[in-house]
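Geometric and topological summary
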Amino acid sequence: MTILAFILAGTLAAATPLLLAALGELIVERAGVLNLGLEGMMALGAAVGFVVTYNTHSPVLGFAGAALAGIALSMVFATLALGFMANQVAAGLAIGVLGLGLSSLIGKPLESQTLDAPGKLAIPVLADLPVIGPLFEQDVVVYLTFGLAVVIWAVLNHSKLGLIIRAVGENPHAARAIGFRVLRIRLAAVAFGGAMAGMAGAYASTIYTPLWADGMIAGRGWIAVALVVFGTWAAGRIVFGAVLFGALSLGGLIAQAAGVALPSQLLASLPYAVTIVMLAVISSNRRRMRLNTVASLGQPFAG
Amino acid sequence: MAPLLQLSGVSKRYGGVQANAGIDLSVDAGSIHAILGENGAGKSTLMKLIYGVERPDEGQVLWQGQAVTLSSPSDARRLGIGMVFQHFSLFETLSVVQNMALIVPGSKGELAARIRDLGAAFGLSVDPQAMVHALSVGERQRVEIIRCLLLNPALLILDEPTSVLPPQSVALLFDTLRALRAKGMAILFISHKLEEIRELCDTATILRQGRVTARLDPRQGTAHDLATLMIGRPMPPPVHPTPHGLGEERLALSNLTFANDDPFGVSLTDVSLSVRGGEILGIAGISGNGQQELAALISGEIALKSGGKAVMLMGQPVGDLGAAARRQRGLAFVPEDRLGRGAVPDMSLADNALLTAHSRGLVKNGFINRKLERAFTADCIARFDVRTSGPQAEAGSLSGGNLQKFIMGREMMLEPSVLLVAQPTWGVDIGAAADIRQRLVAMRNAGAAIVVISEEIDELFEICDRLQVLHKGRLSPSVEVAATSVAKIGTYMIGAVA
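Residues numbered from 1 in each chain as written. Chains lettered and ligands numbered in written order. Predicted model: local features only at pLDDT ≥ 70, side-chain atom pairs only at ≥ 80, totals over all residues. Heavy atoms only, no water.

1. Details of the overall build of chain B
The line we're drawing: Numbering goes from the N terminus for both helices and strands, where a helix is a DSSP run of H or I of at least four residues and a strand is a run of E of at least two. For the radius of gyration, the atoms used are the C-alpha atoms, and the globule rule reads 2.2 Å times the number of residues raised to 0.38. For the exposure calls, accessible area comes from a 1.4 Å probe over protein chains only, and a residue counts as buried if that area is under 20% of its type's maximum, exposed if over 50%, partly exposed in between. By definition in these notes, contact holds between two residues if any of their heavy atoms fall within 4.5 Å. Every accessible area reported is derived by Shrake-Rupley at a probe size of 1.4 Å, with residue values counting cover from the shown protein chains alone. The charge count includes Lys and Arg as positive and Asp and Glu as negative, but it does not include His or the ends of the chains. By convention, charge coordinates are those of NZ in Lys, CZ in Arg, CG in Asp, or CD in Glu.
Looking only at helices and strands, chain B has 16 helices and 23 strands in total. In terms of C-alpha radius of gyration, chain B reaches 24 Å, essentially the compact-globule figure of 23 Å for 498 residues. Expressed along its principal axes, the backbone C-alpha trace of chain B runs to roughly 75 × 50 × 40 Å. For chain B, with 498 residues in total, the buried portion stands at 55%. Put simply, 66% of the contacts in chain B that link residues at least 6 apart link residues at least 24 apart. For chain B, the accessible area works out to roughly 20,500 Å², and carbon and sulfur atoms hold 51% of it. Distance between charge centres in chain B, computed from 48 positive and 50 negative side chains, equals 2 Å.

Following this line, the structure appears as structure tokens:
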């Protein structure tokens, strides 16, 4: 397999956990809530997903368990941030730390255990194309995730549900004045974000690297948060950022394998740094930021 | 036949404030009913109770003779109540038709067609595909009204609808409302503008301090009678400035052009003005036409990167200087936004006084002289009749009108050569507003150069020597107040004069 083929084959899978988490956070932030606990929700989802899959041999049950765990943790956040109107930044950081701790606790008995990697699904015709063929030989979750990105884009921009979510995020007072139940809508958004983060963690621990190691999420939750903000709350730019991160992390692996004379820590940090810089450049367009920024993001709303 | 809407003994209390007390109200189909009262008289609270935004503590609401409980705006809409808010409940990042689709069923194509039909029938033309943030204030109001009308309401509530409109648009709005009345709709029209109510309404209910003080036919009494009922004492007489000699030029903008990189902001084009000592220049216009940008460019909040000569203060170029440097040269500024720009809400009045009055000996060698600071603040409170517990009260705890008096007082006590005031009486009760206007005229008579940016056209005609109108970031030529009319200024406000 050539280097290019390796990168093409692996990029989408590497992007998938980020994309799942970031798409969930996109809905949460579009509704006006800032949940910084993504890293912890992913970590908890990773541990629960691994443990359930290990014991039941069912990846579907593993994903379901991870989603429920993510929702449960996000409801702790919602209780603090929506119920008691606590500072959303502090509440998010707190549940992030809680999630990391729970993840270590749950995963402890299975440290260094492995799972069978699921099979890949090649799309007929497309997978046989020269050069880009490897792009179309992925596991099923990759296809579902990129499909979901399209669905979320369509919902946000072309459906009444999307209009309601955006309205609540832009001006909760006006949304309430015309009769929407702002807190319920935000609660639902936070739960969705929790489920997505949980599944993102499960993908990382049961499919992408089917091996349990404590701390395996390794900051990808934070990158997902950054993707949403620097992607200026637009699904398309978030997909771009996630794929860029995926490609760079594979590029780093190849460089290491090829014996490039750079410290491995530097190579490992490259995708984080380059993704942030690229997205920061995109979001430095003041006009784009102003038009897309969620006006009420992070502000508590009573009522 | 039972009235369409009837309230009996409705009360609402917020903390220690009795916002509404024992209100009785009855509204008939096919009539325009005015709710008249000062700021803080309880008009907005009453409308929130009718529209289901808030629930009354006591009392009963009857709709077509049946007792109803309104626990949310959707309940009210289901009954057939529509409301146009003073601060619009539109979403700026959505298009007109998307805003409609939020509460009106139907496909976008159908909605766009209905929007055009209603626009044609009631003189409310607006482009369904336009983004709301690109619309003028008048257009936004039309969007709000259309959004209500799409639901075929039996009762339409309008909260201070004319406060944002130029005179010509007010006439159009009134034509629309009369056409709706002719179709049998009931309209609740909330306002504090007496002449409008006399022109438009069939019945008026007057509120003062949360209670109904009168019910009458507004066409019977004079504006003076209505004012007396509304504020509980006769209206203070207006103070017109008398002509007198002018001093030297104090502030001048020459061909100032400012490209705004904020897509929700306004760019200024080729703006020129000149103010001399001893005169008041009024900047009229509907807000959102560049007022904030103009104020920021004069105050120094926005400093030009080059070309300092575009702004001349006391004969010196200051365009590239910041706000502090311009204040040192004799400029004082009362911003439109009291909490956040004019004052820091969480700080005491004394500390807020220090923010701009530090040059008056309140700071020595970098240390604050607390005694002088308190004395200055107490003096300001006493001279400008600020109702507060004292210099240590938090700025955020004052009512809007009282805080405005305090900020006006603080800036006036600096004895500036040039005073820039944005919306001097916005949200201030009638008595205090008259007082602020008198003080501005007194400062003018003492030789200060004053620029007043205001949406209240009557106020500008009362105190200004000259007027210029801001429309879409361009400033009209200057006209003498004595030689013009409200109608003429109105044509500038909608850009009808090139």
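2. Details of the side chain of R147(B)
Inspection of the secondary structure assignment puts R147(B) in helix α5 (residues 137-149). In this view, R147(B) contacts I178(A), S89(B), L90(B), N99(B), M100(B), I103(B) and V104(B); residues no more than four positions away in its chain are not counted.

3. Focus: the sheet that holds strand β15 (residues 316-317) of chain B
Residues and elements named next belong to chain B. Put simply, the test is: Note: two strands are recorded as paired if DSSP finds a minimum of 2 bridges between them. Geometry is summarised by axes, namely lines fitted to C-alpha atoms with helices restricted to the contacting stretch, and by angles between N-to-C directions that run from 0 to 180 degrees.
Pairing within the open sheet is antiparallel, and its four strands lie in the order β12-β11-β14-β15. Pairing within the sheet leaves two strands with one partner each, and these edge strands are β12 (268-276) and β15. Pairing between strand β11 (residues 249-258) and β12: six bridges, direction antiparallel. Bridging from a neighbouring strand, A252 pairs with S274 of β12. Of the strands in this sheet, β11, β12 and β14 (311-313) touch helix α9 (residues 291-299), which is tilted by about 125° from β11.

4. Here we look at the interface of chain B and chain A
Rules: Computed with a 1.4 Å rolling probe, the buried area is the accessible surface lost when two parts are put together, summed over both parts. A side-chain nitrogen of Lys or Arg and a carboxyl oxygen of Asp or Glu constitute a salt bridge if their distance falls within 4 Å. For the purposes of these results, a polar contact is taken to be a pair of N or O atoms within 3.5 Å, where, inside protein, one atom must be able to donate a hydrogen and its partner to accept one; residues adjacent in sequence count only when each atom of the pair is a side-chain atom.
Listed per partner, the contact involves 22 residues of chain B and 19 residues of chain A. Each partner contributes to the roughly 2,000 Å² buried at the junction of chain B and chain A, and carbon and sulfur atoms together form 57% of this total. Sorting the residues of chain B by area buried against chain A places F91(B), L102(B) and P263(B) first, and these three jointly supply 29% of that buried surface. Linking chain B to chain A there are zero salt bridges. At the boundary of chain B with chain A, the tally comes to six residue pairs in polar contact (both at pLDDT 80 or more). Only α2 (73-79) and α3 (96-101) of chain B provide two or more residues apiece to the side of chain B that touches chain A. If one sorts the elements of the side of chain B that touches chain A by residue count, α2(B) sits on top with three residues.

5. Regarding the pairing of strand β21 (residues 466-471) of chain B
Along any regular strand, the residues point their side chains to alternate faces of the sheet. All names here are of chain B. Of all six residues making up β21, six are buried, and the element is well covered by its neighbours. Burial of the side chains of β21 extends over both faces: R466, Q468 and L470 are buried on one face and L467, V469 and H471 on the other. The pairing of strand β13 (residues 279-284) with β21 spans four bridges and is parallel. If you follow I283 over to β21, its bridge partner there is Q468. The sheet contact formed by β21 and strand β22 (residues 474-475) spans two bridges and is antiparallel. Note on β22: the bridge partner recorded for H471 is R474.

6. What about unusual backbone geometry?
One non-glycine residue with positive phi stands out, namely T232(A), at about 45°. By secondary structure assignment, the location of T232(A) is in the loop between α9 (220-230) and α10 (235-257). Overall, T232(A) belongs to the buried group, its relative accessible area being 0%. Backbone geometry at N365(B) places phi at a positive 50°, although glycine is not the residue there. You can see N365(B) is positioned in the loop between β17 (363-364) and β18 (367-368).

7. Examining the pattern of salt bridges
All names here are of chain B. The full count for this structure, using the stated rule, is 28 salt bridges over all chains. R387 serves as the salt-bridge partner of D385, at 3.2 Å between the closest nitrogen and oxygen. The partly exposed category is assigned to D385, whose relative accessible area is 38%. The exposure class of R387 is exposed, given its relative accessible area of 58%. Bridged by salt links that share partners, the residues R181, D202, D217 and R219 form one connected network.

8. Observations regarding the confidence of the model for chain B
Our working definition: In predicted models, pLDDT denotes the confidence assigned by the predictor to each residue on a 0 to 100 scale.
The predicted model of chain B has a mean per-residue pLDDT of 88, with 99% of residues at 70 or higher. On the interface metric, ipTM, the complex scores 0.78, and its pTM is 0.78.

9. What about a nonpolar patch on the surface?
All names here are of chain A. Definition in use: Like charges are joined within 9 Å and nonpolar side chains (Val, Leu, Ile, Met, Phe, Trp, Tyr) within 5 Å, but only among residues with over 30% relative accessible area and no salt bridge; these make up the patches.
Judged by side-chain polarity, V76, L80, F84, L98, L102, L105 and I106 come together as a nonpolar surface patch covering roughly 600 Å² of accessible area. Elements that contribute at least two residues to the nonpolar patch include exactly α3 (59-83) and α4 (88-107). When residues in the nonpolar patch are grouped by element, the largest group, four residues, is from α4. By secondary structure assignment, the location of L98 is in helix α4.

10. Comments concerning helix α4 (residues 108-122) of chain B
Because the α-helix completes a turn every 3.6 residues, residues three or four places apart line up on one side. Residue and element names in this part refer to chain B. What counts, and what does not: For a helix, the expected span equals 1.5 Å multiplied by the number of residues minus one. Note that the arc is computed from the directions linking the helix axis to the C-beta atoms.
Between its first and last C-alpha, α4 extends 21 Å over 15 residues, near the 21 Å set by a 1.5 Å rise per residue. Taken together, the buried positions of α4 are L111, A112, I115, L118, G119 and F122. Projected down its long axis, α4 shows its buried positions confined to an angular sector of 130°, all on one face. Away from the buried face of α4 by more than 90 degrees, exposed residues G109, D117, A120 and A121 are located. Each element contacted by the buried residues of α4 is listed here: α3, α5 and α6 (167-182).

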